[in-house]
Amino acid sequence: LRLSPRLTRSLSSVIYHKTKGNPLFVSQLMLSLSKEGLLRPSLSRRRWEWDKEKIQSQKLPDDVAMFITGSIQALSDDVKSAICVLSCFGAAAEFTVIKTLEGALNKNLVDNLDVAVREGLLDKADDKYRFSHDRIQEAAYNMMEMLDRCHLHFFYGMTLAPPADVDTDDSLLLIAANQLNLAGPEAVQDKSQNAIVADLNLRAGKKAMEMSDFVAAYSYFDNGISFLRKKHWEEHYALSLELFDLAARCAHTNGDVISLNLLSQQVLTKSQSFEDKLNVMYYAMCVLASSSKLPESIERGLKILSRLGIDLQGCESGSVEACVQETKDLLSGYSDDEILNTERMTDQTKIMAMKFLGKLEIGMTQIMPKSAPYVTQRIIQLSLSDGMSPVSPIGFVHFGSYIAKLGDISGGYKYVKLARSLLDKVSRENAGEVSCFGTQVIAYVEPLQAVLEYHDEGYAAAMASGDVVRAGLITQMKCSQSLFAGINLQALREKYAAAIKFMEERKLRILTLQTQYQQQSVLKLIGIDQEPKCVSEGHAIFATNKSVMRIYYYLKMYTSFIFRSYDRTKENAEKYLTCIGNSWANLFLAHAFQAFHAGLISFWLARKSREEQGWYLRGNKSKLALKKWTESCRWTFENKWYLLEAEESFCNDDFDAAKSYYEKAILSAKDHKFVHEEALAYELAAHFYLELGEVDKALEYFMLAHERYHEWGANGKCNSLFKFVEDFMKERAGQSSTIAPENVDSGPASKLPLH
């Protein structure tokens, strides 16, 4: 390094400690540190510099570790014994753990481990002893016989268990459980210890759940079950039921349906009462709801609730408006403060019934939307009469969503905020669902780009409580609303890929199918035309779930419209219209965008179709809806309303009004950061000017539309637009006559940019 010994003393001491002064290893370690940036030249100081602390914690290169491993045999028996103890805890162990074991073993572990530190086998930092390399730990661990290791793990685990009871951060609890699980049930010598170890795993699993690590939690519960003896259901019923229940919950969260079924079968067979079966019956209902068997899930939930004294049969024949009004009348007798200060529900059976109601509600919103408000009503009734439960905020957020869907955005927004406040009063267990549905109403009040941040909050809350279904739904909603917000399509492509991977891993088949449909539209806009990978139960889901069918035909309609394919747009629009009569009772932001695009399409078809009046009326209905929503959130909806006004004026041959509204739509989209809708407004205005014969103006607007689509990342659309203009210019020059304005298929893509 060409530096004086005084400057390099700190580095040389660390290097010697790690290599024992072997010249070859010194060279190799120096090269390794240089490659990793821990030893680097500084241009400002004109010398080499290094980070001593990071180098100290750096692992040794493999060949250096092999060399040092050979020196273990030269150590004293006491030092080797201490290293073997440490190796049972993996790569490192806390100083407090070593001190605890030191007393139990009656050995001077600390002093002997310090010898190993001086020999370069270990590092000592941050109150931990750490092996310098994995191979050193492996060598020390393999010095013991397998049977000895088994008994030592068990001894260490039982030794650490009592201090774990008073450990404030529960770290010793997890370490003790890990040691016992490494030993396995075969290490138990006293039969009374089986239940002790099973209970320790139960506590460790609960701690892992608190940290939202449901994979680790399942492992603890599974290990706890393995320690139970043959007659454990008779001898330790409460412990067995809790282990199996929580293991089933974690299996559901982790998407492990096979383990869930096996665990559930045990509980259903061995439980002493119907109430004791409710947890696993609930998880089974959840699995059915997230697969292709949503109708079966709802039917099962209704039967269970009936046995619990809650009869919802026949609610599908009622009126949504009447039910919502009844619930309004019920709540009119309570102030917000009174609701927030209502006592907690204490009846465990009713608390469980509320969970089934909450799960039933989300299922019914998809395939029985007229029934869902009656479930909400029952949740609110029970909350007011029997006390608030963790499900109560779900009832209030859905009620706010129904009110907003019926036109009272501000009233719905009020109940969404009330539901969010209730979470802090009763429990944040269902914060994911409250955020999921509440965010949809908030999006009609606050700017769309800002609302996207709420999805991150909801996702984190859902994952923290192990609600992977809600986390999946929130992920899908964020992807779709990012598309509506005009997020760059290349970045969005990665989000969709990650979302689908998340859903596939957790077997969320309905959500996977819906998200794949959305992904296909994004890929087509980018310029990649491929069919989505088919979900195995895709056809069954499509046939029984109107919500999935509606999304599918909307996206087909939207994509065909964007690429100006008249025949495909008309065909898919007609199919879409057959699905909207059974739409969700909740308000979703997707409803606004479906109304927006359906309105634009309706006005286009009205100008070209024989069924002019019907399409015009549909377009006018969409326009009035967007005008109403603009009153609650000008930022998100104003440009869309203006564009629908422009297209309606175009239909009515009111060209001056159309020109004014097109310009307003363009300016509003620009001001509110919707680059994709600015592009669309330019393009539709260009077709308008083309129809009027103002070709230069039309070509200018096509150029501007192309620039905005390119900025959005819609290269596929750019190529299609280029092809349209290219064909038009050829026709104008008399070279061909193949197209007419506003009735064009996308054709082959061109990679040439317009500008």
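Heads up: these notes are all about the structure in this document. (Residues numbered from 1 in each chain as written. Predicted model: local features only at pLDDT ≥ 70, side-chain atom pairs only at ≥ 80, totals over all residues. Heavy atoms only, no water.)

## Considering the overall build of the protein chain
Test applied: Numbered from the N terminus, helices here are DSSP runs of H or I no shorter than four residues, and strands are runs of E no shorter than two. With a 1.4 Å probe rolled over the protein chains alone, any residue whose accessible area is under 20% of its type maximum counts as buried; one over 50% counts as exposed, and the rest are partly exposed. Any two residues whose heavy atoms approach within 4.5 Å are treated as being in contact. A 1.4 Å probe and the Shrake-Rupley method give the accessible areas. Residues count as covered only by the protein chains that appear here. His is not counted, nor are the chain ends, whereas Lys and Arg count as positive and Asp and Glu as negative. Think of each charge as sitting on NZ of Lys, CZ of Arg, CG of Asp or CD of Glu.
Within the protein chain one finds 38 helices and five strands. For the protein chain, the C-alpha atoms occupy an extent of roughly 100 × 80 × 45 Å along the three principal directions. Out of the 755 residues in the protein chain, the part that is buried amounts to 56%. Here the contacts in the protein chain between residues at least 6 apart in sequence split such that 69% fall between residues at least 24 apart. Surface summary for the protein chain: the accessible area is close to 32900 Å², and the carbon and sulfur share equals 50%. For the protein chain, the distance from the average site of its 87 positive side-chain charges to the average site of its 95 negative ones is 3 Å.

## So, the packing of helix α24 (residues 431–442) against helix α25 (residues 448–464)
Short version of the rule: With axes taken as lines fitted to C-alpha atoms, and helix axes fitted only over the stretch in contact, angles between N-to-C directions fall between 0 and 180 degrees. Note on terminology: angles under 35 degrees are roughly parallel, angles over 145 are roughly antiparallel, angles of 65 to 115 are roughly perpendicular, and the others are oblique. Crossing handedness follows the turn of the near helix against the far one: under a right angle anticlockwise gives a left-handed crossing, and clockwise gives a right-handed one.
Axis separation between α24 and α25 bottoms out at 7 Å; the angle between their running directions is 165 degrees. Considering the angle they form, α24 stands roughly antiparallel to α25. The way α24 lies across α25 gives a crossing that is left-handed. Residues Ala431, Gly432, Ser435, Thr439, Gln440 and Ile442 of α24 lie in contact with α25, whose contacting residues are Val451, Tyr454, His455, Glu457, Gly458, Ala461 and Ala462.

## Digging into the state of the cysteines
Let me state the cut-off plainly: Two cysteine sulfurs form a disulfide in these notes if their separation is within 2.5 Å.
On inspection of all chains with the given rule, the structure shows zero disulfides. Cys88 takes part in no disulfide bond, and the closest cysteine sulfur to it belongs to Cys84, at a distance of 7.4 Å. Of the residues examined, Cys88 reaches a relative accessible area of 4% and is grouped as buried. Cysteine Cys150 is unpaired, with the sulfur of Cys88 as its nearest cysteine sulfur at 11 Å. Assessed through its relative accessible area of 16%, Cys150 is described here as buried.

## Remarks on the pattern of salt bridges
Going by this rule: The term salt bridge refers to a pairing of a side-chain nitrogen on Lys or Arg with a carboxyl oxygen on Asp or Glu at a separation within 4 Å.
One pass over the structure, following the stated rule, counts 32 salt bridges. A salt bridge links Glu210 to Lys207, with the nearest nitrogen and oxygen atoms 3.8 Å apart. Taken together, the residues span about one helical turn, with Glu210 and Lys207 both in helix α11 (residues 192–210) at a distance of three residues. For Glu210, a relative accessible area of 61% gives the class exposed. Linked through salt bridges whose partners overlap, the residues forming this network are Asp170, Lys207 and Glu210.

## With respect to helix α12 (residues 214–227)
Condition: By this rule, a helix spans an expected 1.5 Å times one less than how many residues it contains.
Spanning 14 residues, α12 covers 20 Å between terminal C-alpha atoms, matching the ideal 20 Å at 1.5 Å per step. Taken residue by residue, α12 has Phe214, Ala217, Tyr218, Tyr220, Phe221, Asn223, Gly224, Ile225 and Phe227 as its buried positions. Those residues of α12 that are buried lie in contact with α10 (171–183), α11, α14 (237–253), α15 (257–270) and α25.

## What about the side chain of Ser609?
With respect to the helices, strands and loops of the structure, Ser609 is situated in the loop between α32 (589–608) and α33 (612–632). Contacts of Ser609, omitting those with residues within four sequence positions, involve Tyr566, Lys570 and Trp615.

## What about the sheet that holds strand β5 (residues 128–131)?
Cut-off, in case you're wondering: Two strands are counted as paired when DSSP detects at least two bridges linking them.
The strand order across the open sheet formed by three strands is β3-β5-β4, and the pairing between neighbours is antiparallel. Of all strands in the sheet, those with a lone pairing partner are β3 (92–94) and β4 (122–125), marking the two edges. Averaged over all adjacent pairs, the angle separating strand axes in this sheet is 15 degrees, with direction ignored. Relative to β5, β3 runs antiparallel, the two being bridged by three bridges.

## Observations regarding the pairing of β4
Relative to β5, β4 runs antiparallel, the two being bridged by four bridges. Residue pairing for β5: Leu122 is matched across the bridge by Phe131. From the end of β4 to the start of β5, which pair antiparallel, there are two residues, and Asp126 there has a positive phi angle of about 55 degrees.

## Topic: unusual backbone geometry
Backbone geometry at Asn106 places phi at a positive 60 degrees, although glycine is not the residue there. Mapped onto the elements of the fold, Asn106 is located in the loop between α6 (95–105) and α7 (109–118). A relative accessible area of 70% places Asn106 in the exposed class. A positive phi is found at Arg564, a non-glycine position, where the angle reads about 55 degrees. Tracing the sequence through the fold places Arg564 in the loop between α30 (546–562) and α31 (566–577).

## Comments concerning helix α34 (residues 634–651)
Here α34 contains 18 residues, and its C-alpha end-to-end distance of 25 Å stays within 8% of the 26 Å for a straight helix at 1.5 Å per residue. Asp653 occupies a position one or two residues after α34 and carries a positive phi of about 60 degrees.

So yeah, pure geometry; function would need other evidence.
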